[in-house]
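# Overview (structure and organization)
Each chain, letter by letter, is given below.
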Amino acid sequence: MPSISEEDIAAVVEVLRSGWLTTGARAKQFEREFAEYVGVKHAVAMNSATAALHLGLDAIGLQRGEDVLVPTMTFAATAEVVRYFDARPVLLDVDPDTLNLTPATVEAYLEEHAEVRDGAAYDRKTGARIRAIVPVHFGGLPVDMPAMMEVANRFSVTVNEDAAHTLPASIDGRSVGTYGKANAFSFYANKNITTGEGGMLVTDDDAVADRARIMCLHGISRDAWQRFTAQGSWYYEIVAPGYKYNLTDIAAALGLSQMKRVGEFLEGRTNIARHYDSLFADNEIVRTPSWGREGVVHSWHLYPIRLRTEQLSISRAEFIDAMKAKGIGTSVHYTPLHMHPYYRENYGYTPDDLPVAKAQYEGLITLPLYPKMTSEDVEYVASTVNDLVAQHRR
Ligand SMILES: *Cc1c(COP(=O)(O)O)cnc(C)c1O
């Protein structure tokens, strides 16, 4: 549930009254403040993180027939953008504790499959270039990015982070979403800050930022625009068949206003996660999510518990229905991608191909977590879970 303040509403109303609704001064300001906040050179505002993931892969030059390594435990967007290029998403298993793709898994995959020639990695069997890795910071828990970058660099593979769940999440003070080459943040309605729909591509690379800006708005070159303004403000040049991915000033004003409360949101989310943990401390059927090592800041986008369903007489689906009957909406993040029909049918995956994700999925339930939740709300959710477990224990 999004936290919208009166100040957020006033910021949007101000844009509506200004007469300038589409991309303009607010979007530029949002880009500047966001880049400064996470600590990167460039931020390019877009109308979704999916757009930012897509243009991130475009900017690193992904070509058809190439491979991109993606964790199976993620949202549809992370892998679908690879298909936009007619490239192959190679789905990899996740760590049973963090549900993240680990550097060790990527290293083992690359050691088995990759041959490095002239500063590029190729699959030994298929000959396909292994172009990129897209790690996802699951639920807001950072992937070990320093180690991931070390592995990727050793094999000459580019990293683009899917940082949709983060903000603010960091490793030893450095924000995640700043390690990879072209990284994506999301401002979808349920994310840690929202613009309704929106996303941000962030990068330290000038060429990546230039390319993303051009592709984000119909392949129109701003440089050409600036170069030829002498000819009149009507002049522009199309340099590529681009997309319509720009963020409106209406959305950017909401984003700017929400940014002011990033710290407050984090504190609220962290306190709720800690409160849940304490309420489940004596329940060995409920496995609570990992906090990561010392020095890691978890953004607590999600609080996914894992039920040891083999010790319960009801299924996970029945558990979710019973929670719903008590007025509590839960969901499952995620059905692993390799278990969905598209990936099964087109790539021949079977559920047991990635056994850790499959096994963890079977007990996964995401509990409500949003900054406005009261202590009583958290206690009600946790006691409902604990009561159901007690009632249905084998
Ligand atoms: C929400 C989400 C996205 C997509 O974000 P949009 O802004 O809705 O496009 C991508 N990846 C992950 C992991 C997400 O949770």
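Residues numbered from 1 in each chain as written. Predicted model: local features only at pLDDT ≥ 70, side-chain atom pairs only at ≥ 80, totals over all residues. Heavy atoms only, no water.

Bringing the sheet that holds strand β9 (residues 174-175) into the picture now. One open sheet accounts for 3 strands, arranged β9-β8-β15; its pairing is antiparallel. This sheet does not close on itself; its edge strands, each paired only once, are β9 and β15 (296-297). Sheet analysis places strand β8 (residues 170-171) next to β15, joined by 2 bridges and oriented antiparallel. Pairing of Ile171 across the sheet is with Val296, part of β15. (Pairing = 2+ DSSP bridges. Helix = DSSP H or I, 4+ residues; strand = E, 2+ residues; numbered from the N terminus.)

Burial runs high along helix α9 (residues 249-259): 10 of the 11 residues are buried. Those residues of α9 lying buried are Asp249, Ala251, Ala252, Ala253, Leu254, Gly255, Leu256, Ser257, Gln258 and Met259. Buried residues in α9 make contact with α1 (6-18), α2 (25-38) and α10 (262-279). (Buried < 20%, exposed > 50% of the residue type's maximum accessible area, 1.4 Å probe, protein only. Contact = heavy atoms within 4.5 Å.)

Turning our attention to helix α6 (residues 145-154). Within α6 the residues assigned to the buried category are Met145, Met148, Met149, Val151 and Ala152. Angularly, the buried residues of α6 cover 165° about the axis, an arc narrow enough to put them on a single face. Buried residues belonging to α6 abut α5 (103-113), β6 (129-133), β7 (158-159) and β8. Where α6 starts, the residue carrying a side-chain oxygen 3.3 Å from the main-chain nitrogen of Ala147 turns out to be Asp144. Positioned one or two residues after α6, Ser156 has a phi angle of 55°, which is positive. (Arc of directions from axis to C-beta. Polar contact = N/O pair within 3.5 Å; in protein donor to acceptor, adjacent residues only side chain to side chain.)

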